[in-house]
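Descriptive structure summary
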Amino acid sequence: MKRIFLLLAVVGLTTLSSCDGDQGPQGPAGPESEVFELQNVNFQLDQNNEYTIFQQLNPVIFNSDNILIYRLSGTINPQTPIWQLIPRTLFLTGAFAGEELDYDFDFSAVDFTIYAGGTYDLSETPQFIQNQTFRIVIIPGYFSKNTDLDLNDYNSVIKAFGIDDSKVTVLNKN
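Residues numbered from 1 in each chain as written. Predicted model: local features only at pLDDT ≥ 70, side-chain atom pairs only at ≥ 80, totals over all residues. Heavy atoms only, no water.

For the protein chain, the count of helices and strands is two helices and 10 strands. Listing every helix and strand of the protein chain by position from the N terminus yields α-β-β-β-β-β-β-β-β-β-α-β. Counting over 174 residues, the protein chain shows a buried share of 32%. Contacts in the protein chain between residues at least 24 apart in sequence constitute 62% of all its contacts with a sequence separation of at least 6. When the accessible surface of the protein chain is summed, it comes to about 11,800 Å², and 51% of that surface belongs to carbon and sulfur atoms. (Helix = DSSP H or I, 4+ residues; strand = E, 2+ residues; numbered from the N terminus. Buried < 20%, exposed > 50% of the residue type's maximum accessible area, 1.4 Å probe, protein only. Contact = heavy atoms within 4.5 Å. Areas by Shrake-Rupley, 256 points an atom, 1.4 Å probe, with all protein chains shown as cover.)

As C-alpha cells, then:
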C-alpha cells in the first residue's frame, strides 16, 4: 500500500509541476529611482530647540521605498561635487576643536526632515546650517536589498540604480 501511495504521489507531482498555462499580460512598470535636490536651504530652529529642514514629498512614495540623503560638503571643481551620505558626524577643528556637529534625517511616505545638532550652539557656525544643498535619492523597496552596494558613494548609488542625475528635480525652486 505504501508503494502504491508513493507511486501515485510521484506521478501526481510530476503531472502537476509540468503544467503550463497561457502567460498573463505584462504588469505595469515598477517605480523608478529618483533624485531630488534642495538648494541653498537654511536649517530653522524649531519649537524643540532643534535645527531642522522639513519637506513634503510630491508625489508620495510607497511605504516600502527608502530614502538616502547626501549633503554637498564641497567641490573639487565646478563640475565635481562632493556628496556625503547622512547621517554624518563632523569633528570640528580650529576655534571649535573638540566639538561635534551631526546631520541626520527621518522620513515617511509623505515627507522627510533633516536635522542638525551638536555639542555646542550651532548658530556660532552658520556655514554648517545656512545655504546647504542636499540630494535626496528615492529607492524603490525592491532595490534596497542590494547589500554589496556602498551607499556612502553617491556616484555608485546613481550608477547602480540607473539614475540620470543630470535631470535632478529641484524641490525648492524660487
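So, next bit.
This paragraph deals with the nonpolar core. Of all hydrophobic cores here, the largest spans 27 residues; its most connected members are Phe 43, Ile 67, Ile 69, Tyr 103, Ile 114, Phe 134 and Ile 136. Contributions of two or more residues to this core are made by strand E1 (34-41), strand E3 (51-56), strand E4 (66-77), strand E7 (100-107), strand E8 (111-118) and strand E9 (132-139). The residues touching Ile 67, leaving out its near neighbours within four places in the chain, are Leu 57, Ile 61, Phe 105, Phe 107, Ile 136, Val 137 and Ile 138. With 14 residues, the next largest nonpolar core counts Val 35, Leu 149, Tyr 154 and Ile 163 among its residues. (Core = buried A, V, L, I, M, F, W, Y, C linked by side-chain atoms within 4.5 Å.)

Using the criterion set out here, one finds three salt bridges in the structure. Note that Glu 37 is salt-bridged to Arg 135, the shortest N-O span being 2.3 Å. Placement of the pair is Glu 37 in strand E1 and Arg 135 in strand E9, with a sequence separation of 98 residues. Among the salt bridges present, the one from Lys 167 reaches Asp 164, with a minimum N-O distance of 3.7 Å. Through salt bridges that share partners, Glu 37, Arg 135 and Asp 165 make up one connected network. (Salt bridge = Lys/Arg side-chain N within 4 Å of Asp/Glu carboxyl O.)

Spatially, E5-E4-E9-E1-E10 is the arrangement adopted by the five strands of the open sheet, whose pairing is mixed. At either margin of the open sheet sits one strand with a lone partner, and together these are strand E5 (80-86) and strand E10 (169-170). Bridge count for E1 against E9 is six bridges, and the pairing is antiparallel. The residue of E9 that forms the bridge with Phe 36 is Ile 136. (Pairing = 2+ DSSP bridges.)

The next thing to look at is the pairing of E7. Examined bridge by bridge, strand E6 (residues 88-91) and E7 share four bridges and lie antiparallel to one another. Within E7, the residue paired with Arg 88 across the bridge is Tyr 103. The turn linking E7 back onto E8 is made up of three residues.

The next thing to look at is the pairing of E1. In this structure, E1 lies alongside E10, joined through two bridges in parallel fashion. Bridge assignment links Phe 36 to a residue of E10, and that residue is Thr 169.

On average, residues of the protein chain carry a pLDDT of 83, and 76% of them reach 70 or more. Element-level mean pLDDT values for the protein chain span from 50 in helix H1 (residues 2-17) up to 97 in E7. In the predicted structure, residues 27-31 sits below a pLDDT of 50 and forms four contacts with residues beyond four places in sequence or in another chain. (pLDDT = per-residue confidence, 0-100.)

Next up on the list: the environment of Phe 54. By the secondary structure assignment, Phe 54 is in strand E3. With 51 residues separating them in the primary sequence, Phe 54 and Phe 105 have C-alpha atoms 9.7 Å apart. Leaving out residues up to four positions away in the same chain, Phe 54 has contacts with Asp 111, Phe 112 and Thr 113.

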